[in-house]
Amino acid sequence: MNDGTQTMNFCQNFFNHPQITSTQTQLGNCAAVELREAQRTRAAILVHECTHISYVMGPGAQQALDYAYGYNGCFKLAEGTFDRSCVPYAKHHTFHLCPVGAVEGLCPPERSAENADSYAFVAAGVYFSAQCGRIIATPPNPPPLQSGPQCISLGPISDPNTDITDLPKMTSLKGAKPTALLDGPLISSFANAKPSHTESASSPAPTPAPSNTAMASGLQPRQDAGVQCLDICPLYDDYIVYDGVDTGNDLDIDGYVQFGDSFGAGMGTGSTSWDSCRIGSNNYGRLLHDWLGGNNIAFEQKVCSGDTTKGLNRQIDEWKDPQKPNLGTVSMGGNDLGFSDIVWHCVVTPNTARLGSTSRTLCLEAEAKANALLDDNGPDGIRAKLSNAYTRILLKSGRKDFHLYVTSYIKFFNPDYTDCDKSTFHYAWASYNPPSDWPSNRIVYLTQDLRKELNGLVDKLNKIIEAAVNDANTAFGGVNQVHYVNVNPSFGTHRWCEPGPWHEPDPNVKSTWFFLSGWPDVSIDGQGLDGTDPTGEEISHLIQDGSIKLPDAQTCEADNGPDADPYAWYMCRISQTVSEDPNGPIAVELASANADIAKGDVSSQHIGFFTPTRQIKTFHPRSPGMLAYRDSIVKVMQQVGQLS
């Protein structure tokens, strides 16, 4: 089923698979038919497929996804005990529908209301009960999860490299693209075995394997010959996968174009480019392109850190091959609002010559400027600028199957806990519970009020972005080609000020998916996407320049203009700070850095303080955050039917 092209493809197995029957056949068996059999009729399967499309689910509604198949899976999903890592069909996806860290895990029970097979069971139950004049029976409910080691007589495993998920190989019935069928009962229960990570305290511990024997993951030998013990997932042996297994090779994506600002550029992730666009190697556009097939799909990347909507229009003008892609993404709007000014004056407040009240006044002025742009419903407001840019992209593409995915911004803080009330992200004095700075009060604390204030501004911008998406679709004739992607749910427990055994700011908390100045990136487990820290190379560049040269503090803002290199903006702010406070901590650090440059000290921490990537990545997502952006886009692509 493809919502974008409004087509449904059938393979031969839909008509001749032994476990799929006609609706009329089961109606002739009204006295005995039960829910699982009713749900395997062709009419119920069509209900399953139709829940994937917006025409059936309604405009703006959540299109169903395939979290679980079969009665056992759907029952467990509604119960809140469905572990998606247990089912073989989930292993064919490179993204996760129920992510727990970097792997599949337990699905929230509310996903049952978004699950296609669950709709098919409900529809089949209602229809057959009405037609047969009785409430048709449900199958026996699957047993509850078992904890502790379970034992199966399988005989010894002689190959120490055996992977339990390969015993035996999953059998697939190859059908015509794209609706291959996987028959659950043909899959051995042992293929559902799950490695044991924890052991119930009340369960007897299995006898440990000899130290010189490497056993399959999760398997521990018992004293009994021919018996293996492991923690086993529930047996999901009653499903049929109606939808084609998505291996990333059967996607109808001709090409991909990425527009955006620093959030799209992934500034600071992996290795960041030295040019003025500051593109990180783990930006979500690259992650998405690689997931879609990499070099097999044309990719034109137009993102540039620091760009406003004016820069977005320049990116559109420079788009070289608009007829090729049928997929586009864009992240834009934060720089129009003066995002950097808000962070500078409201949070990091580096100018120690200013009183705290002065910084607060500048913060409120920056926020007022942003709110005025958000509240402007005329042609100069951010809503109109974004909508016009989205429409220009559709016009330049000219393809009716082109879809543009517009991403949200992320709220930075969890505002619900008071521990952060003692934390400061001050540029020079970032710490937890620092000494009092009375009466200057130059230290800004991350109080609940401030966190709510900044989160509220992000919320307001996201609502404007979503409204601009709707405006663009309406202006383009009521199409459904521009889609809003809310990434915030994926950052649920990965913001600053989350509860935990640490205090902000702590750069070593890997569950925090944002950078502060100087913070390291976080690797993406199992993805092989770590980059090289660019600090050493950037120090070498500054040494080659001979010194760190500051722009004119009086004219640098005007000289930079809109869409400036974020590093040029940063150095302008540094110049203004040093000019106002020539004996302050920033001025002292600058003098030390230039002294080390004169000595050619490539290991200097002082020089590193002024390297581009170290500073400009602050308040931007780390690599796991970029992965969350990618997966959020993929989910919406599925919902609108561009991915099956």
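Structure first, text after, so check above.
Residues numbered from 1 in each chain as written. Predicted model: local features only at pLDDT ≥ 70, side-chain atom pairs only at ≥ 80, totals over all residues. Heavy atoms only, no water.

**Focus on the sheet that holds strand β14 (residues 482-485)**
To keep things clear, this is the line we draw: When DSSP finds two or more bridges between a pair of strands, those strands are recorded as paired. The secondary structure listing takes helices from DSSP runs of H or I that are at least 4 residues long and strands from runs of E that are at least 2 residues long, numbered from the N terminus. For every element, the axis is a line fit to its C-alpha atoms; helices are fit only across the contacting stretch, and the angle between N-to-C directions ranges from 0 to 180 degrees. It only takes one pair of heavy atoms within 4.5 Å for two residues to be counted as in contact.
With parallel pairing, 5 strands are arranged side by side in an open sheet as β9-β8-β10-β11-β14. With partners counted over all chains shown, the strands left at the sheet margins are β9 (298-301) and β14, one partner each. Averaged over all adjacent pairs, the angle separating strand axes in this sheet is 20 degrees, with direction ignored. Of the pairings in the sheet, the one linking strand β8 (residues 255-260) to β9 comprises 4 bridges and is parallel in character. Bridge pairing in β9 links Tyr-256 to Phe-299. Relative to β14, helix α14 (residues 448-475) is tilted by about 165 degrees, and along the sheet it contacts β11 (403-407) and β14.

**Observations concerning the packing of helix α12 (residues 356-375) against α14**
Threshold: Working definition: roughly parallel below 35 degrees, roughly antiparallel above 145 degrees, roughly perpendicular at 65 to 115 degrees, and oblique for all remaining angles. Note: crossing handedness is left-handed where the near helix turns anticlockwise from the far helix by less than a right angle, and right-handed where it turns clockwise. Side-chain classes are defined by residue name, with Ala, Val, Leu, Ile, Met, Phe, Trp, Tyr, Cys and Pro counting as nonpolar, Asp, Glu, Lys and Arg as charged, and the others, Gly among them, as polar.
Relative to each other, α12 and α14 sit at 20 degrees, their axes nearing to 10 Å. Between α12 and α14, the crossing angle belongs to the class labelled roughly parallel. The way α12 lies across α14 gives a crossing that is left-handed. Taking contact as the criterion, the partners of Arg-360, Cys-363, Glu-367, Ala-370, Asn-371, Leu-374 and Asp-375 in α12 are, on α14, Leu-450, Glu-453, Leu-454, Leu-457, Lys-460, Leu-461 and Ile-464. Within the contact of α12 with α14, the residues separate by chemical class into 8 nonpolar, 1 polar and 5 charged.

**Considering the state of the cysteines**
To be explicit about the condition: Criterion for a disulfide: a pair of cysteine sulfur atoms within 2.5 Å. The classification of residues rests on relative accessible area computed with a 1.4 Å probe and restricted to protein chains. Under 20% of the type maximum is buried, over 50% is exposed, and intermediate values are partly exposed.
Taken as a whole and judged by the stated rule, the model has 6 disulfides. Paired by a disulfide, Cys-346 and Cys-363 hold their sulfur atoms 2.0 Å apart. Between Cys-346 and Cys-363, the S-S dihedral sits near 100 degrees, and the bridge is therefore right-handed. With a gap of 17 residues between them, Cys-346 in helix α11 (residues 339-348) and Cys-363 in helix α12 connect regions that are remote in the sequence. With a relative accessible area of 3%, Cys-346 lands in the buried category.

**Thoughts on the nonpolar core**
Quick note on the threshold: The set of buried Ala, Val, Leu, Ile, Met, Phe, Trp, Tyr and Cys residues whose side-chain atoms join them within 4.5 Å is what this entry labels a nonpolar core.
Of all hydrophobic cores here, the largest spans 101 residues; its most connected members are Tyr-390, Phe-412, Phe-413, Trp-496, Tyr-570 and Phe-619. Looking at which element gives the most residues to this core, the answer is α14, with 10 residues. Those residues in contact with Tyr-390 that sit more than four places away from it in its chain are Val-330, Leu-404, Val-406, Ile-465, Ala-468, Val-469, Ala-472 and Val-482. Ranked by size, the runner-up nonpolar core spans 21 residues in total, among them Ala-68, Cys-98, Tyr-239 and Tyr-242.

**Description of the packing of aromatic side chains**
A ring pair, where both rings are aromatic, is described by two values, the distance of the centres and the angle of the planes. Short version of the rule: Put simply, two rings from Phe, Tyr or Trp (the six-membered ring, in Trp's case) pair if the centres are within 6.5 Å, and we call them stacked under 30 degrees between planes, edge-to-face over 60, tilted for the rest. Either the NZ atom of lysine or the CZ atom of arginine qualifies as a charge over a ring when it sits within 6 Å of the ring centre and within 35 degrees of the ring normal.
Taken as a whole and judged by the stated rule, the model has 34 aromatic pairs. Seen in terms of ring centroids, Phe-263 and Tyr-409 are 5.2 Å apart; in terms of plane orientation they differ by 65 degrees. Their pairing is edge-to-face. Of this pair, Phe-263 sits in helix α8 (residues 262-265) while Tyr-409 sits in the loop between β11 and β12 (423-424), placing them 146 residues apart in sequence. For the pair Phe-263 and Tyr-409, one class covers both residues: buried. Relative to Trp-496, the ring of Phe-413 lies with its centre 5.8 Å away and its plane at 35 degrees, an arrangement referred to as tilted. Remark: Trp-496 occurs in the loop between β14 and α15 (535-545) and Phe-413 occurs in the loop between β11 and β12; sequence separation between them is 83 residues. On the basis of relative accessibility, which here comes to 1%, the residue Phe-413 falls in the buried class. Its guanidinium or amino end placed over the ring of Trp-274, Arg-278 lies 5.8 Å from that ring's centre, counting from NZ or CZ.

**Some details on empty space enclosed by the protein**
To be explicit about the condition: Residues are called lining when one of their atoms sits within 4 Å of a cavity or pocket point, these points coming from a 1 Å grid over the protein atoms alone, where a cavity is a set in which a 1.4 Å probe fits but cannot get out and a pocket is an open set with protein on both sides within 12 Å along at least five of seven lines. Grid points are joined across faces, edges and corners, and a volume is the space filled by probe spheres set on the points.
Evaluation of the coordinates by the stated rule reveals 6 cavities of 30 Å³ or more. Those elements that place two or more of their residues in the lining of the second largest cavity are α11 and α14. In terms of residue class, the lining of the second largest cavity is built from 12 nonpolar, 1 polar and no charged.

**A short note on the layout of surface pockets**
The space that makes up the second largest pocket amounts to roughly 1100 Å³. Lining the second largest pocket are 45 residues, with Gly-338, Ser-340, Asp-341, Trp-569 and Arg-573 positioned closest to its centre. Residue assignment for the lining of the second largest pocket shows that the elements contributing at least two residues are α11, α12, α16 (556-560), α17 (566-580) and α20 (612-616). Residues belonging to the lining of the second largest pocket are distributed by class as follows: 18 nonpolar, 18 polar and 9 charged.

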